[in-house]
Structure formats: structure tokens, C-alpha cells
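Structural overview for review
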Amino acid sequence: EAGVAQSPRYKIIEKRQSVAFWCNPISGHATLYWYQQILGQGPKLLIQFQNNGVVDDSQLPKDRFSAERLKGVDSTLKIQPAKLEDSAVYLCASSLVTGANNEQFFGPGTRLTVL
Amino acid sequence: DQQVKQNSPSLSVQEGRISILNCDYTNSMFDYFLWYKKYPAEGPTFLISISSIKDKNEDGRFTVFLNKSAKHLSLHIVPSQPGDSAVYFCAASAYNTDKLIFGTGTRLQVFP
């Protein structure tokens, strides 16, 4: 079974530029998550999708971050414009369903460096 | 406000010995706890979990203990192996939700 795929693996941009990350969850997984992991911290949930609907985006900085999952499968996360403090690893995860105690499977992440 | 805390950023253990990783939480609504393991340049992978109705869960070399009154859990690895060298994250979720709150991680190094 293929795991969660993410691209690109690394991205370096200058502040005020835009960037987009792509995630392909495990086939058949209805729930998709985007996390931000700043160096020295644990992953922090940015947004959670159930199929193509948003379940939780309470910690997404909506003035600069956006995410979509148009057909309930792939998802993109965009930052526009980027700030220095956005430097982090962006992790995508998926789970079979939404609900308590469902295992989340993580992709390898995209490491973003904002200069 | 850090609801899940891992106060030891690193731990070094000799191969064959026991590794004990600790985690404290503040939110009494948490009822499900997980440990994830992360190698460099990879995403976290699920290791073991425990529900608040239990105080111990064992899976091979890995055992998680939960002390609800102290709001504390620990992961025991016995015996430790060099391949266990990784960053370990403690995570928690509240009743009827799958939103995970992660700790800051503990880097475990197992040396020969």
C-alpha cells in the first residue's frame, strides 16, 4: 500500500513570495490533515478535511494560508505572501475516517525555508 | 500554552538497556494518548497508543503507562536497540475528536 505522498520535498523562497505544497493521501482515506512543524516543536494542526469539506481550520492563518481538497482526494496548501516565521516542515497526514482514535498516517513532509 | 509537554529534549541509552521517555499533559479532557516515532527526513509513524480507561498498553518491546491522576504518561522501550534512535513525540486527543496535540519531542540515541 502506497503511503502519503508530498511534493516538493524542499523549497526555498524569499519573504513575500508565494509557495504551494501538494499532498496525495493514502487511497481510500477520507480525512486529510495539514500540520506545520517548526524546528524544535511538535506538529501543529493547520487544517483538517473530511472528503472535500473543512472540519477544522481554527489554527490556519487565513490572511496568508489557504488550502483546498477539490475532489476529496489530493490537496494543496498555499502560502501567499510568505513570512520568515513560516519556515517549517509542512506535514500532510491522512486517516481512513474522521473520529476518535483513528490512526493518522504521515507523509515525509515539505521543508520550507523563507529567506 | 503547551498542553502536552516533553521536558527532556534528548536521552542517551546504551543498547540493551531500558529507555524511558516521559510526557505530561494539562488538559483533563484528553482521553487518548499516542506515541509517534520520527526518523530524519521522514514523517512521524505511529508507535503505540493508550486509552484513558487503561493504565498500561504493551506491544512487543514497547509499553506505555498512563497515570491519569498525575496527568503523566511514559513510554518504555526494553531492550533498546540502535534502530530505536529517533525523535519520539507524545500526542493526545480529547473525547470524541481526532485532533492531535503534540509535545515537542524527545530525541533518543541508543549507542552500542
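Basis of the calculations
- Here the residue index of a chain counts from 1 through its sequence in written order.
- All chains are assigned letters beginning at A, and all ligands numbers beginning at 1, according to the order in which they are written.
- In view of the model being predicted, local features appear only for residues whose pLDDT reaches at least 70, and side-chain atom pairs are presented and counted only at 80 or more, with totals across whole chains, interfaces and linings using the full set of residues.
- Side-chain metrics rest on all non-hydrogen atoms present in the structure, leaving aside hydrogens and water.
- Any cysteine sulfur atom paired with another within 2.5 Å is treated as part of a disulfide.
- Runs of E in the DSSP output that reach at least two residues are strands. Runs of H or I that reach at least four are helices, and both are numbered from the N terminus.
- Here a cavity is any set of points on a 1 Å grid over the protein atoms alone where a 1.4 Å probe fits but cannot get out, and a pocket is any open set with protein on both sides within 12 Å along at least 5 of 7 lines; a residue lines the site when it has an atom within 4 Å of a point.
- Grid points are joined across faces, edges and corners, and a volume is the space filled by probe spheres set on the points.
- Residue type decides the class: Asp, Glu, Lys and Arg count as charged, Ala, Val, Leu, Ile, Met, Phe, Trp, Tyr, Cys and Pro as nonpolar, and the leftover types, Gly among them, as polar.
- A simple rule labels every residue: compare its accessible area, found with a 1.4 Å probe on the protein chains alone, to the largest value its type can have, and call it buried under 20%, exposed over 50%, or partly exposed in between.
- Paired strands, as defined in this entry, are two strands with at least two bridges between them according to DSSP.

1. Notes on the state of the cysteines
Residue and element names in this part refer to chain A. Summed over all chains, the structure comprises 2 disulfides over all chains. Disulfide pairing is shown between Cys23 and Cys92; the S-S distance is 1.9 Å. Between Cys23 and Cys92 the disulfide shows an S-S torsion of about -70°. By sign, it is left-handed. Of this pair, Cys23 sits in strand β3 (residues 19-24) while Cys92 sits in strand β9 (residues 88-95), and the two are 69 residues apart along the sequence.

2. Observations concerning the layout of surface pockets
Approximately 530 Å³ is the volume found for the largest pocket. In this structure, the largest pocket is lined by 22 residues; those nearest its centre are Gln37, Leu39, Gly40 and Arg111 of chain A together with Arg107 of chain B. The residue makeup of the lining of the largest pocket, split by class, is 11 nonpolar, 8 polar and 3 charged. Surrounding the second largest pocket, 18 residues form its lining, Pro43 and Lys44 of chain A together with Gln2, Ile101 and Phe102 of chain B being those nearest its centre. Contributions of two or more residues to the lining of the second largest pocket are made by β4 (31-37) and β5 (44-50) of chain A together with β10 (101-102) of chain B. Of the residues that constitute the lining of the second largest pocket, the class distribution is 7 nonpolar, 8 polar and 3 charged.

3. Some words on the pairing of β9 of chain A
Residues and elements named next belong to chain A. Most of β9 is tucked away: 8 of the 8 residues are buried. Judged by which residues are buried, β9 turns out to be covered on both faces: Ala88, Tyr90, Cys92 and Ser94 on one side and Val89, Leu91, Ala93 and Ser95 on the other are all buried. One ladder, built from 7 bridges, connects β4 with β9; its direction is antiparallel. From the neighbouring strand, Trp34 faces β9, where its bridge partner is Cys92. Bridge analysis of β9 against strand β11 (residues 110-114) gives 3 bridges, and the strand direction is antiparallel. From the neighbouring strand, Tyr90 faces β11, where its bridge partner is Thr110. When β9 meets strand β10 (residues 105-106), the two strands line up antiparallel, connected through 2 bridges.

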